[in-house]
Amino acid sequence: MGKVWLVTGASRGLGREIARAALDAGETVVATARSADAVREAFGGEKGRLHALALDVTDAAAATAVAAETAGRFGAIDVLVNNAGYAELGFFETFTDAAVRRQFEVNLFGTMNVARATAPHMRARRSGLIVTISSVSGLVSNGGGAVYSASKFAVEGWMEGFAQELAPLGVRSLLVEPGMLRTDFMDGKSARFGSIDIPDYAEAVAQYRAFVDGANGNQPSDPKLLAARIVALASQDEPPSRLIFGDDARQWAGAKVDQLRQEIAQSADRG
């Protein structure tokens, strides 16, 4: 019998590809999104090993109910893919406080809600894998990405520690840090932009928006390949704790490591 997967944000983008790859591998998939109908539409209906449920990850009670329904119906949750999220793209001062808080509500607290709901079922069986879709922007930040990166940096710090708490209880963790994937992540369906006009930033913001518009649909990495990689790693007894996916992501992460090494050396006491 295959594994039971619970995938959030599965109606489109990387979440949909992960759900498809798991189904292709013979797994049972509970695919969630804010609208279960959107999931059914994405997969041409609810068939066989695919089961669609509605879940707004910011609703902690709903997350608990979905995890309980999944475990009760199938006897286990073997793999959680915490994928749901979106990006606030733009310069920090152009965002309202409400927009920043919404970014954290979905990307951090929503992800926590689903993990908190699922972890007890995994602990009870002393088995399971939590796959957390982060981003290379959780390791490296840049102008125009400060708010999104802040939410992903928080996810990284939380999950790195939580994974160490879970490991002695048989629950494993995989943090996934993709670079730029060819999904709709950067278009209006997912990404949002700051709403406050600040003349000092006007030219830089215009250049950044042009970069995002040009990159949308032209990202270098294929989400299908990443999805297949995640499904393959989930079958391993000891998957790695991190997967940095894409040449761009590895280059940016490597440059950050080099920068940190230099700064650590420069910080040494000189006596």
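To start, this report covers the structure provided alongside it. (Residues numbered from 1 in each chain as written. Predicted model: local features only at pLDDT ≥ 70, side-chain atom pairs only at ≥ 80, totals over all residues. Heavy atoms only, no water.)

**Quick look at helix α7 (residues 223-234)**
Counted at 1.5 Å a residue, the expected span for α7 with its 12 residues is 16 Å, and the 16 Å between its end C-alpha atoms agrees. What α7 keeps buried is the set P223, L226, A227, I230, V231, L233 and A234. Each buried residue of α7 lies within a common arc of 165 degrees when the element is viewed along its axis, so the set occupies one face. Opposite the buried face of α7, at more than 90 degrees from it, the exposed residues are K224 and L225. Of the surrounding elements, those touching the buried residues of α7 are β1 (4-7), α1 (13-24), β4 (79-82), β6 (128-133), β7 (171-178) and β9 (242-245). (Helix = DSSP H or I, 4+ residues; strand = E, 2+ residues; numbered from the N terminus. Expected span 1.5 Å × (residues − 1). Buried < 20%, exposed > 50% of the residue type's maximum accessible area, 1.4 Å probe, protein only. Arc of directions from axis to C-beta. Contact = heavy atoms within 4.5 Å.)

**Overview of the layout of surface pockets**
Reported here for the second largest pocket is a volume of approximately 250 Å³. Lining the second largest pocket are 13 residues; nearest its centre among them are A163, A167, R172, S173 and S241. Mapped by element, the contributors of at least two residues to the lining of the second largest pocket are α5 (146-166) and β7. Class assignment for the residues of the lining of the second largest pocket results in 6 nonpolar, 3 polar and 4 charged. (1 Å grid on protein atoms, 1.4 Å probe; cavity = no way out; pocket = protein on both sides within 12 Å on 5 of 7 lines; lining within 4 Å. Points joined across faces, edges and corners; volume = space filled by probe spheres on them. Nonpolar A, V, L, I, M, F, W, Y, C, P; charged D, E, K, R; others polar.)

**Overview of empty space enclosed by the protein**
The tally for this structure, following the rule as stated, stands at 1 cavity of 30 Å³ or more. In this structure, the largest cavity occupies an estimated 30 Å³ of space. Around the largest cavity, the lining residues are V30, H51, L53, E69, T70, R73 and F74. By residue number, the principal contributor to the lining of the largest cavity is helix α3 (residues 60-74), which donates 4 residues. Within the lining of the largest cavity, the residues separate by chemical class into 3 nonpolar, 2 polar and 2 charged.

**Some details on the pairing of β1**
Here β1 shows two buried faces, one formed by V4 and L6 and the other by W5 and V7. Each parallel crossover has a hand, and the one from β1 via α1 to strand β2 (residues 28-33) is right-handed. Across 3 bridges, the pairing between β1 and β4 is parallel. Bridge assignment links V7 to a residue of β4, and that residue is V81. (Right-handed = clockwise from strand over helix to strand, strands pointing away. Pairing = 2+ DSSP bridges.)

**A look at the side chain of Q103**
Relative to the helices and strands, Q103 resides in helix α4 (residues 97-125). Engagement of the side chain of Q103 in a polar contact is seen with the backbone nitrogen of E88, the distance being 2.7 Å. (Polar contact = N/O pair within 3.5 Å; in protein donor to acceptor, adjacent residues only side chain to side chain.)

**Notes on the side chain of D78**
Take D78: it is sitting in the loop between α3 and β4. For D78, a relative accessible area of 13% gives the class buried. Of note is the side chain of D78, whose polar atom sits 2.8 Å from the backbone nitrogen of V4. When neighbours within four sequence positions are excluded, D78 is seen to be in contact with K3, V4, M122, R125, G128 and L129.

**Re the packing of aromatic side chains**
By the definition in use, this model includes 2 aromatic pairs. Where W158 meets F162, the ring centres are 5.9 Å apart and the plane angle is 20 degrees; that geometry is what we call stacked. Linking W158 with F162, this pair stays in helix α5, spanning 4 residues, or about one helical turn. The aromatic ring of F43 is capped on one face by R20, whose charged end is 5.6 Å from the ring centroid. (Phe/Tyr/Trp six-rings, centres within 6.5 Å; stacked < 30°, edge-to-face > 60°. Lys NZ or Arg CZ within 6 Å of the ring centre and 35° of its normal.)

**Side note on the pattern of salt bridges**
For the structure on display, the rule yields 9 salt bridges. With a shortest N-O distance of 2.7 Å, D97 and R101 are connected by a salt bridge. With D97 and R101 both in helix α4 and 4 residues apart, the pair spans about one turn of that helix. You'll find D97 and R101 in the same group, each marked exposed. Residues R250 and D247 are paired through a salt bridge, measuring 2.7 Å at the closest nitrogen-oxygen approach. One end of the pair is R250 and the other is D247, both in helix α8 (residues 247-267) and 3 residues apart, which spans about a single turn. Through salt bridges with shared partners, one network takes in E156, E160, E177 and R242. (Salt bridge = Lys/Arg side-chain N within 4 Å of Asp/Glu carboxyl O.)

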